[in-house]
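Now for the letters of each chain:
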Amino acid sequence: TQTRDMSKFLTKSAKKRLPLTTKRATKQGFYKGNRCTKEGYHTSKGHFRVDKRLQLELVIPDLTGFKLKPYIAASASKFPPEQRIDRPKL
């Protein structure tokens, strides 16, 4: 049995309704990409010019004096030590 998306005998209008994959996109002249933003342009000589206005700008706050650590283990208690009720382990 053949499935619809694997059949090579589909009509042209049926092929248009199939999901766009990178394998099909090259034949139609599309570039699917990987969800990235364009940060420049290609010149006629084949070089890539980076446009500073298009680059991603990350704004990082000043974390001096910040008491939390960047990673919290899953085994860490949800309550501070002064609010914890220590129960005997069975």
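Bear in mind that the values here come from a model prediction, so they are computed numbers and not experimental data.

(A) Just the overall build of the protein, in detail. Of regular secondary structure, the protein possesses two helices and two strands. Along its sequence from the N terminus, the protein presents helices and strands in the succession α-α-β-β. Taking the contacts inside the protein whose residues are at least 6 apart along the sequence as the reference set, 0% of them involve residues at least 24 apart.

(B) Layout of the pattern of salt bridges. Summed over all chains, the structure comprises one salt bridge. Put simply, Asp51 and Arg53 hold a salt bridge, and the shortest N to O gap is 3.0 Å.

(C) Layout of the confidence of the model for the protein. Taken residue by residue, the protein gives an average pLDDT of 77. The fraction at 70 or more is 74%. Considering each helix and strand of the protein separately, the mean pLDDT is smallest for helix H2 (residues 22-28), with a value of 63, and largest for strand E2 (residues 48-50), with 92.

(D) Inspection of the environment of Thr64 at higher detail. Mapped onto the elements of the fold, Thr64 is located in the segment after E2. Take Thr64: its relative accessible area is 63%, and that puts it in the exposed class. In this structure the side chain of Thr64 is engaged in a polar contact, spanning 3.1 Å, whose partner is the side chain of Asp62.

(E) How the structure looks around the side chain of Asp51. Within the fold, Asp51 resides in the segment after E2. Asp51 gets classed as buried once you look at its relative accessible area, which sits at 16%. Polar contacts involving the side chain of Asp51 include one to the side chain of Arg53, which spans 3.0 Å. Not counting the four nearest positions on each side in its chain, Asp51 is found in contact with Glu39 and Gly40.

(F) Up close: a nonpolar patch on the surface. A cluster of nonpolar side chains, namely Leu56, Leu58 and Ile60, defines an oily patch on the protein surface of about 400 Å² accessible area. Its location among the elements puts Leu58 in the segment after E2. Owing to a relative accessible area of 65%, Leu58 belongs among the exposed residues under this scheme.

What counts and how
Residues numbered from 1 in each chain as written. Predicted model: local features only at pLDDT ≥ 70, side-chain atom pairs only at ≥ 80, totals over all residues. Heavy atoms only, no water. Helix = DSSP H or I, 4+ residues; strand = E, 2+ residues; numbered from the N terminus. Contact = heavy atoms within 4.5 Å. Salt bridge = Lys/Arg side-chain N within 4 Å of Asp/Glu carboxyl O. pLDDT = per-residue confidence, 0-100. Buried < 20%, exposed > 50% of the residue type's maximum accessible area, 1.4 Å probe, protein only. Polar contact = N/O pair within 3.5 Å; in protein donor to acceptor, adjacent residues only side chain to side chain. Patch = residues over 30% accessible without salt bridge, like charges linked within 9 Å, V, L, I, M, F, W, Y side chains within 5 Å. Areas by Shrake-Rupley, 256 points an atom, 1.4 Å probe, with all protein chains shown as cover.

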